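These are the residues of each chain, in order.
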Amino acid sequence: MTGKGSPLINISDETTFFSFDPGLTPIAEVEQNVLVKIETKDCFSNQIASEEQLIMDIDFSRINPATGPIFIKGAKRGDALAVKIHKIDLKQQGAIVTIPEEGLLGDEVKEARTRVCDIGAEEIQFLNLSLPLKKMIGVIGVATPEKTATGTPGRHGGNMDATVITEGVTVYFPISYEGALFGLGDLHAVMGDGEVCVAACETPGYVTVEFESLNEFAPPWPCVEAKDWLYIIVSDEDINKAFYEATEVAVRALQNALKLDWHDAYMLSSMAMDLEICQLVDPRKTVRSKLPKSLISIEELLKSISA
Ligand code: CA
Ligand code: ZN
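A.B. asks: Looking at this structure, I do not really get the coordination of the zinc ion (ligand 2). What am I missing?
C.D. replies: Where a metal carries four tetrahedral donors, each ideal angle is 109.5 degrees; where it carries six octahedral donors, the ideal angles are 90 or 180 degrees. Protein-derived ligands of the zinc ion (ligand 2) are Asp186 (OD), His188 (NE2), Glu202 (OE) and Glu202 (OE), with the metal-ligand distances lying across 2.0 to 2.6 Å. A spacing of 3.2 Å is found between the zinc ion (ligand 2) and the calcium ion (ligand 1), which share Asp186 as a donor. Placement of His188 in strand E16 (residues 182–188) and of Glu202 in strand E17 (residues 202–203) is noted, with a sequence separation of 14 residues between them. Neither residue differs from the other here; His188 and Glu202 are each classed as buried.

Structural data, given as structure tokens:
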């Protein structure tokens, strides 16, 4: 996946959607292996411009917009959609909120508050503190038969809020419909794993991606290839079930790719696999299992876990 020299296709944030739904009409059709620059609104649909605006002052039906859906030519059911994240460009201002009863410590949240953060080239300003930029994509996915709200993560992707979905990685989704019907949004300038207060530095911006569909390699859950690591991203209402599933898939991958029996693969996972939290505050919680590429390649992973 190079996409080099090909013309850049621009898709504006004029049309967003709120459910990964196969019935939606695509806003654009794009070829594989070309660069596509997608403009995104923040998770509040850009309704918050100042600290005077609290969460109850905005139209809540427009929370978690994704730009799209985008139809990828030649992508078909049963394939994996590979989405290479070439670049994330943020706009100048982000916002973070508290919402009573929301987040990990929701019972302690006494007020709705908004903080606006200036975003620089290397860092953001929160109060008088500087935090280094850690750009990432919160919502990213493809159409699913479950017609899932963009605020809810699942096998199709969606609101996974995974800090590992950042510049340079490739994310793999199972395609359920012709064209995949892809969308993304909810960029964060910086977010901690867990996203404990329910929001992070929520920022509008642009994501430059390149699509490729891999024949019959639909993974059971979204997978990420980073420089040295592979991740399997699993979501469930019950975080213990999510950890179980993320482990089960990783053990199966090592078992098949390395031709081990299950017990050896289980022991290897206990030594070489990390379990990490993506977020704890969305309708389903999201976790990831992390495998070193020294043990297994993305091709071997997809081959050994696809149905
Ligand atoms: Ca999110
Ligand atoms: Zn967000």
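Alright, that's what it looks like, and here's the rest.
A.B. asks: Where do I start with the coordination of the calcium ion (ligand 1) in this structure?
C.D. replies: Listed as protein donors to the calcium ion (ligand 1) are Asn159 (OD1), Asp161 (OD), Asp161 (OD) and Asp186 (OD); their distances from the metal cover 2.2 to 2.5 Å. Sequence spacing of the donors to the calcium ion (ligand 1): N-x1-D-x24-D. Overall, Asn159 belongs to the buried group, its relative accessible area being 3%. On the accessibility criterion, Asp161 (1% relative accessible area) is buried.

A.B. asks: How should I be thinking about the pairing of strand E18 (residues 205–214) in this particular structure?
C.D. replies: In the case of a regular strand, side chains alternate between the two sheet surfaces. With 8 of its 10 residues buried, E18 lies for the most part within the structure. Sheet topology note: the strand E5 (residues 35–40)/E18 ladder contains 6 bridges and is antiparallel. By the bridge assignment, Leu35 is partnered in E18 with Glu210. Two elements, strand E7 (residues 80–90) and E18, share 10 bridges in a ladder whose sense is antiparallel.

A.B. asks: Could you clarify how one ought to interpret a negative patch on the surface in this entry?
C.D. replies: A cluster of acidic residues, Glu101, Glu102, Asp107 and Glu108, forms a negative patch on the protein surface. Structurally, Asp107 can be placed in the loop between strand E8 (93–98) and strand E9 (113–119).

A.B. asks: When you look at the sheet that holds strand E21 (residues 274–279) in this model, what are you seeing that I'm missing?
C.D. replies: The pairing of strands in a sheet happens through backbone hydrogen bonds and is either parallel or antiparallel. On the basis of which strands lie adjacent, the open sheet formed by 9 strands has the order E1-E5-E18-E7-E15-E19-E20-E22-E21 and mixed pairing. The open sheet terminates on both sides in strands that have one partner only, identified here as strand E1 (9–11) and E21. Across this sheet, the average inter-strand angle for adjacent strands is 25°, counted without regard to direction.

A.B. asks: Help me understand the nonpolar core, please; the structure alone is not making it clear to me.
C.D. replies: Note that soluble globular proteins tend to have their nonpolar side chains buried in a common cluster. Counting residues in each nonpolar core, the largest one holds 43 residues, and the members touching the most others are Ile85, Ile165, Phe182 and Phe211. If you tally residues by element for this core, the top one is E7, at 5 residues. Here this core gathers at least three residues from each of two domains, domain 1 (8–214) and domain 2 (223–305). If you look at the next biggest cluster of nonpolar residues, it comprises 28 residues, including Val234, Ala253, Ile296 and Ile305.

A.B. asks: Just to check I follow, could you spell out the packing of aromatic side chains for this structure?
C.D. replies: In this description, a pair of aromatic rings is defined by centroid distance and the angle of the planes. Considering all chains together, one arrives at 4 aromatic pairs under this definition. Plain terms: the ring middles of Phe17 and Phe20 are 5.1 Å apart, the flat faces sit at 85° to each other, and that makes the pair edge-to-face. Its relative accessible area of 0% is what places Phe20 among the buried residues. Between Phe173 and Phe182 the ring centres are 6.4 Å apart and the planes differ by 65°, which places this aromatic pair in the edge-to-face class. The burial state of Phe173 is the same as that of Phe182; both residues are buried. One aromatic cluster is present, built from ring pairs that chain together Phe173, Phe182 and Phe211. Above the plane of the ring of Trp229 lies Lys290, whose end atom (NZ or CZ) is 4.1 Å from the centre.

A.B. asks: Would you mind going over the pattern of salt bridges with me for this structure?
C.D. replies: Side-chain pairs of opposite charge can arise where the charged atoms are in close proximity. Within the structure shown, the criterion is met by 15 salt bridges. Ionic pairing is found between Glu39 and Lys91, a salt bridge with its closest N-O pair at 2.6 Å. Placement of the pair is Glu39 in strand E5 and Lys91 in the loop between E7 and E8, with a sequence separation of 52 residues. Overall, the relative accessible area of 14% leaves Glu39 in the buried class. The closest approach of N and O atoms between Arg284 and Glu237, which form a salt bridge, is 3.4 Å. Of this pair, Arg284 sits in the loop between E21 and strand E22 (285–292) while Glu237 sits in the loop between strand E20 (229–236) and helix H1 (239–258); the two residues are 47 residues apart in sequence, bridging distant segments of the chain. The class of Glu237 is exposed, set by a relative accessible area of 52%.

About the thresholds
- Residues numbered from 1 in each chain as written.
- Chains lettered and ligands numbered in written order.
- Predicted model: local features only at pLDDT ≥ 70, side-chain atom pairs only at ≥ 80, totals over all residues.
- Heavy atoms only, no water.
- Donors = N, O, S within 2.8 Å, 3.2 Å for Na, K, Ca; no water.
- Helix = DSSP H or I, 4+ residues; strand = E, 2+ residues; numbered from the N terminus.
- Buried < 20%, exposed > 50% of the residue type's maximum accessible area, 1.4 Å probe, protein only.
- Pairing = 2+ DSSP bridges.
- Patch = residues over 30% accessible without salt bridge, like charges linked within 9 Å, V, L, I, M, F, W, Y side chains within 5 Å.
- Areas by Shrake-Rupley, 256 points an atom, 1.4 Å probe, with all protein chains shown as cover.
- Salt bridge = Lys/Arg side-chain N within 4 Å of Asp/Glu carboxyl O.
- Lys, Arg positive; Asp, Glu negative; His and termini not counted.
- Charge placed at Lys NZ, Arg CZ, Asp CG, Glu CD.
- Axes fitted to C-alpha atoms, helices over the stretch in contact; angles between N-to-C directions.
- Core = buried A, V, L, I, M, F, W, Y, C linked by side-chain atoms within 4.5 Å.
- Domains from an automatic or database assignment.
- Phe/Tyr/Trp six-rings, centres within 6.5 Å; stacked < 30°, edge-to-face > 60°.
- Lys NZ or Arg CZ within 6 Å of the ring centre and 35° of its normal.

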